[in-house]
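Structural overview for review
Given next are the chains, with one letter for each unit.
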Amino acid sequence: MKTTFSLNGQPAEADAHPMERLLDVLREHLGLTGTKEGCGEGECGACTVLMDGEPVLSCLVPLFQCEGRRIETVEGIAEGPAREFLERFVATGGVQCGACTPGIVVTAWALLQRNGQPSREEAREALAGNLCRCTGYEGILRALAPEAER
Amino acid sequence: MIGIGESPPRPDGFAKVSGSARYVDDVSLPGMWHGATLRSPHPHARIRSIRFNAAKAPEGAVCVTAADLPGPNGVQLLDDGWPILADGFSLHVGEPIALVAAPTRLAARQALAAFTVEYEPLDPILTLEAAETLPPLYELRLENGDVEAAFAAAEHVIEGTWRTGHQEHIYIECNGMIASFENGGALTLLGSMQCPYYVHKALTHAFQLPEDKVRVRASVVGGGFGGKEDFPSALAIHAGLLARACGRPVKMIYDRHEDIVSTSKRHPAVVCHRTAVSADGRLLALDAEILMDGGAYKTLSPVVLSRALLHCFGPYRWPSVRVRGKVLRTHTAPNSAFRGFGAPQVEFAIERQMDRIGRELGLDPYEIRDRNVVEPGDRLPTGQILDASTSARLCLEEVERRTGFRRRWKELEEARDSAADGEPRRGIGLSLYFHGAGFTGNGERKMRSPVTARLLEDGRIEVLTAMTDMGQGCAAVFPQIAMAAGGVGADDVIFAEPDTGDVPDSGPTVASRTTMIVGGLIARTVAELRDRVLAWRSASEKENLSIREGWIENASGRAERFRDAARRYREETGPVEVTIHNEPPEWQTFDESTYRGAAYPTYAWGADVVEVEVDPDTLAARPVQVTAVCEVGRAIHKTLCAGQIEGGTLQALGWALMEEIKLQDGRYLNDRLATYIIPTAKDSPRIDVHLLERSWEGGPFGAKGVGELPMDGGAPAAVQAIENATGALVNEIPATPERLMKALGSSNVLPSETSPPGPLSSEAGEGERRRGIPS
């Protein structure tokens with residue numbers, strides 16, 4: 001069964017079971033392996049993608065829900081205007097092992113779209129659904145809220 | 001030119017933020033199948049039979065049991081006592097019983113239903129108390145000075161029992177491996193690992209293959225923390241067995257549930273201290289017993305226990321010590337390497353013991369430490385004389401200067417009894433800690449780990465090491481060291497992928513040794529190649545040339561690119577390669593039978609101040625602010641160095657306050673991230689890191705090891721802060737609300753003039769509290 005949606009700004013089509021996880025559709029059918037699986041049950045946020053601009057956990061989204069929607073993954077975000085933010089994210093120590101990073105980048109980018117200068121507290125709130133085990137979140141928060149009170 | 005101490009963007013950074021970095025699960029090989037593991041549901045059982053009904057499995061599925069092994073049934077680590085697949089008996093829940101491969105991941109999972117295993121459940125040993133009745137997996141002693149005489153003469157004898165729990169690594173990328181047999185019978189592995197040569201050794205042993213018929217390559221590693229030190233050896237064998245059985249590449253990726261259930265964790269520990277102290281607060285004797293839960297198999301426990309013994313006395317002066325350490329065997333998954341490797345448990349214990357001693361003598365946490373902290377020239381209980389890089393006092397004084405800890409602690413002590421009902425309680429805690437950098441004892445001497453550098457045909461230098469970047473950043477730090485040591489430019493040096501087919505065995509990526517040991521070897525090999533090129537050019541120019549930032553210069557300043565000269569040198573002389581082995585300094589000797597000598601070439605030092613807020617109704621303790629002052633020699637890459645301390649500190653606070661593996665009858669109650677809770681961004685405090693940079697002559701450009709140090713200080717400081725806030729004497733971590741409630745509802749609370757022991761809020765009534773809250 002075919003599901004059609006917009007993927008990183010391009011029309012896309014997935015021929016898969018409607019209950020297949022969006023995460024698997026992206027990784028295995030569409031070859032976009034930037035989106036990671038960390039827990040498979042919506043707890044770690046590593047698989048976060050944007051659906052119509054809102055962060056969703058692709059391990060909990062069945063394919064049929066994507067029909068006609070706009071999906072953006074880390075690959076799409078990295079090709080767009082996020083480059084400056086991503087370079088800052090690397091420079092501030094936001095990345096260590098990188099396994100949580102795609103999900104955090106997607107969540108952070110969505111935050112920056114609605115709030116260009118988040119406070120440290122706003123950034124912590126937005127990131128609360130994304131686990132990182134390497135950085136203690138400090139490097140990530142430095143990238144997101146560089147003006148935050150220090 | 002990127003200098004030492006600068007923070008260039010890490011070379012793997014953009015690939016990771018843009019999703020193009022290839023982790024093992026992102027790799028797919030032609031014709032590849034998927035593997036799955038059948039696991040024991042029993043903590044202890046005899047396996048009567050294992051049957052695989054192919055008719056019930058997806059078409060073509062192949063299975064492997066212990067009966068199908070091509071060699072010994074043991075994962076070669078220190079020894080091969082850890083079975084590849086259970087044979088006859090299963091000793092913990094989640095132990096691998098059999099393997100299956102099928103064309104898809106889903107089909108492999110479905111094929112597990114085709115197994116029928118007949119178990120005869122046996123009585124399990126599940127507590128350290130019960131395990132003490134059996135022979136230990138390993139034991140060690142350390143004794144120095146006349147302990148009995150010290151106790152007989154001491155004004156104070158103070159006892160304390162301190163307990164720490166399991167901790168699961170929760171690297172965000174679960175364990176994963178792809179195995180394939182190439183033409184000619186060579187086994188090739190690609191996967192997430194810290195130690196390619198550990199995996200290589202385990203594979204040659206299990207498959208009885210010559211070394212050149214096994215090739216192991218690390219993919220991008222999505223976090224390790226010690227959890228990918230030994231476990232990947234087992235998973236690599238499993239994937240290899242299935243690849244051999246089905247004649248195709250096989251990928252095995254653990255899901256989070258099986259990664260939590262079956263892989264190693266931090267050893268739970270009980271440390272019993274008895275301390276002799278003089279009237280003025282000088283430590284006279286330490287008498288301690290360390291019990292660690294090794295789980296079902298020995299794995300790396302002997303080395304973990306060794307590090308525990310060598311850190312249990314803390315950064316303090318002791319005229320006499322007596323320590324007995326044991327790793328006991330229980331019917332739980334084997335516990336093994338986790339950042340800190342035995343030190344965090346015993347440093348939690350000694351730091352809390354110091355707090356108790358301070359209270360007994362009326363000294364604040366700073367004073368009791370200040371009176372006993374080691375200084376350069378002091379002797380550790382092993383007899384090692386501490387060198388000039390001993391910075392415990394500097395860290396202690398600096399953290400006090402930055403935080404005003406003593407005044408704040410006293411204010412909060414005084415405010416405790418008069419706090420308004422229902423108001424959040426603030427508390428502050430201090431810890432002082434240290435960590436031996438590099439392998440313990442004679443480990444480095446036995447390994448003599450090599451690093452190779454060679455000139456490529458285009459004149460660039462290629463450096464070959466077996467180190468993996470699991471996030472800590474050696475991919476950034478190594479080039480900085482190479483550039484600074486060689487005077488070469490950023491484009492003049494490349495680093496080989498960690499692939500046992502190419503790189504020498506420069507040892508495992510563990511023990512805070514990567515920058516300090518391997519970085520030092522990189523500096524020397526690159527400098528040696530540079531010297532050869534310079535000597536060749538100097539000879540032909542008949543003058544002494546120098547090099548700066550990749551350009552060779554003569555006295556008049558005329559310059560040529562190093563790479564061009566190196567290319568011509570390479571053309572003239574043929575292959576140029578330098579291999580240098582690590583030789584620890586001669587003075588660094590350690591007697592493993594008496595535990596005397598220099599167990600580590602140097603130590604990193606740290607002091608933490610942690611401030612917490614305790615909710616009076618829920619008793620949840622939230623860390624608000626951490627100040628970590630650390631001396632790790634010189635930082636090569638400041639941002640990454642601080643990042644290690646930031647991340648390690650939060651990992652320590654997670655262990656201290658919330659992370660808990662709950663087992664019931666040996667079975668996991670919380671084998672998922674919904675129930676095994678690690679800190680989120682909302683739980684995390686502000687972490688201010690201050691590097692006290694002091695050059696250490698034994699490391700490259702003055703660097704010591706950093707990776708594990710920050711795991712040692714967070715927990716005792718956080719628990720002391722809870723005590724400061726609430727009066728609850730918590731002697732076991734994690735200091736969950738349940739444990740706080742229990743302490744507050746019992747006599748395990750600081751004496752108070754004004755209020756009886758009880759909850760912090762009158763909302764929770766006396767009667768409710770007295771009924772007792774299970775922990």
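Structure's up top.
First, a word on what this report is: a plain description of the structure on this page. (Residues numbered from 1 in each chain as written. Chains lettered and ligands numbered in written order. Predicted model: local features only at pLDDT ≥ 70, side-chain atom pairs only at ≥ 80, totals over all residues.)

1. Observations regarding the packing of helix α14 (residues 474-486) of chain B against helix α15 (residues 514-541) of chain B
All names here are of chain B. Note the cut-off: Only the stretch in contact is used when a helix axis is fitted, and all axes are lines through C-alpha atoms; the angle between N-to-C directions ranges over 0 to 180 degrees. Counting from the N terminus, the helices are DSSP H or I runs at least four residues long and the strands are E runs at least two residues long. Each crossing gets its hand from how the near helix is turned against the far one by less than a right angle, where anticlockwise is left-handed and clockwise is right-handed. Residues are defined as contacting one another if the C-beta atoms placed from their backbone atoms lie within 7 Å. Three residue categories are used. Nonpolar comprises Ala, Val, Leu, Ile, Met, Phe, Trp, Tyr, Cys and Pro, charged comprises Asp, Glu, Lys and Arg, and polar comprises the others, including Gly.
The interhelical angle for the contact between α14 and α15, taken along N-to-C directions, is 40°, at an axis separation of 8 Å. Here α14 and α15 pass one another in a crossing that is right-handed. Facing Cys474, Val477, Phe478, Ile481, Ala482, Ala485 and Gly486 of α14, the residues of α15 in contact are Thr514, Thr515, Gly519, Ile522, Ala523, Val526, Ala527 and Arg530. Its residues placed into classes, the contact of α14 with α15 shows 10 nonpolar, 4 polar and 1 charged.

2. Regarding the pairing of strand β11 (residues 214-218) of chain B
All names here are of chain B. Heads up, the rule is: Burial in this document is a count-based property: other C-beta atoms within 10 Å of a residue's C-beta are tallied, and the residue is buried at 20 or more, exposed at 12 or fewer, or partly exposed in between, with C-beta positions derived from the backbone. Looking down the strands as they point away from you, a crossover is right-handed if its path from the first strand over the helix to the second goes clockwise.
Burial analysis of β11 places 5 of its 5 residues in the buried class, which makes it a mostly covered element. Neither face of β11 is left uncovered, since the one carrying Val214, Val216 and Ala218 and the one carrying Arg215 and Arg217 both have all their residues buried. Crossover handedness for the path strand β10 (residues 187-191) to helix α5 (residues 196-207) to β11: right-handed.

3. Focus: the interface of chain B and chain A
Contact with chain B, which involves 44 residues of that partner, is made by 40 residues of chain A. Those elements that provide at least two residues to the side of chain B that touches chain A are α1 (13-17) and α17 (638-657) of chain B. Per element, the largest residue contribution to the side of chain B that touches chain A is 9 residues, and it comes from α17 of chain B. Along the lines of polarity and charge, the residues of the side of chain B that touches chain A split into 19 nonpolar, 16 polar and 9 charged.

4. Observations regarding the sheet that holds strand β2 (residues 45-52) of chain B
All names here are of chain B. Spelled out, the test is: Here a strand pair is declared whenever DSSP counts at least two bridges between the two strands.
Taking strand neighbours across the sheet as the criterion, the 3 strands line up as β4-β2-β6 in an open arrangement whose pairing is antiparallel. The open sheet terminates on both sides in strands that have one partner only, identified here as β4 (89-90) and β6 (115-121). Where β2 meets β6, 7 bridges bridge the pair, whose relative direction is antiparallel. Bridging from a neighbouring strand, Ile50 pairs with Val117 of β6.

5. Here we look at the environment of Glu571 of chain B
Tracing the sequence through the fold places Glu571 of chain B in helix α16 (residues 562-573). Note on Glu571 of chain B: 10 C-beta atoms within 10 Å, which makes it exposed.

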